[in-house]
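Residue-level structure breakdown
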Amino acid sequence: MREFTIGDYLVQVDLSERMITAVWEDGEEILDTLPDSKVFDLMGLAEQEAREQYEEDRAESRFDDCYHGA
């Protein structure tokens, strides 16, 4: 499970299942109140955020390897 802040929401997702497991707004769990279209949009944004974090981590790792001579 991963958590991402997307706009005003804290979104918990299971990326391997491509499923949102929880959404919080102002500390209140609101997943059941969101329309399917909003849940679908949040899933897409969470996947995008996960890709960006992966790419940043990978670039940082390659920089460290090059800088430290690994």
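Described below are features of the structure shown in this document. Since the model is a prediction, treat every value here as computed from it, not as a measurement.

The next point concerns the pairing of strand β3 (residues 19-25). The sheet contact formed by strand β2 (residues 9-14) and β3 spans 6 bridges and is antiparallel. Within β3, the position partnered with Y9 by the bridge is E25. Linking β2 back to β3 in an antiparallel pair, the connection comprises 4 residues, with R18 at a positive phi of about 50 degrees. Bridge count between β3 and strand β4 (residues 28-29): 2 bridges; the pairing is antiparallel. In the strand pairing of β4, W24 is matched with E29.

A word on the pattern of salt bridges. In total, this model carries 1 salt bridge according to the counting rule given. Here R18 makes a salt bridge to E47, at a shortest N to O gap of 2.5 Å. Linking R18 in the loop between β2 and β3 with E47 in helix α1 (residues 36-67), this pair joins segments that are 29 residues apart in sequence. Note on E47: relative accessible area 17%, which makes it buried.

Counted residue by residue, β2 has 5 buried out of 6 residues, so it is predominantly covered. The hairpin formed by strand β1 (residues 2-6) and β2 contains 2 residues between the paired strands, and G7 there has a positive phi angle of roughly 60 degrees.

A few words now on a negative patch on the surface. A cluster of like negative charges, contributed by D8, D26, E28, E29 and D32, occupies part of the molecular surface. Topologically, D8 is positioned in the loop between β1 and β2.

Among the structural elements, D14 can be located in strand β2. The buried charged residue D14 lacks any salt bridge, with R18 as its nearest oppositely charged partner at 10 Å. A distance of 2.7 Å separates the side chain of D14 from the side chain of S16, its partner in a polar contact. Discounting residues that sit within four places of it in the chain, D14 has contacts with M1, M19 and T21.

Rules of the game
Residues numbered from 1 in each chain as written. Predicted model: local features only at pLDDT ≥ 70, side-chain atom pairs only at ≥ 80, totals over all residues. Heavy atoms only, no water. Pairing = 2+ DSSP bridges. Helix = DSSP H or I, 4+ residues; strand = E, 2+ residues; numbered from the N terminus. Salt bridge = Lys/Arg side-chain N within 4 Å of Asp/Glu carboxyl O. Buried < 20%, exposed > 50% of the residue type's maximum accessible area, 1.4 Å probe, protein only. Patch = residues over 30% accessible without salt bridge, like charges linked within 9 Å, V, L, I, M, F, W, Y side chains within 5 Å. Areas by Shrake-Rupley, 256 points an atom, 1.4 Å probe, with all protein chains shown as cover. Lys, Arg positive; Asp, Glu negative; His and termini not counted. Charge placed at Lys NZ, Arg CZ, Asp CG, Glu CD. Polar contact = N/O pair within 3.5 Å; in protein donor to acceptor, adjacent residues only side chain to side chain. Contact = heavy atoms within 4.5 Å.

Honestly, it's all geometry; don't read function into it.
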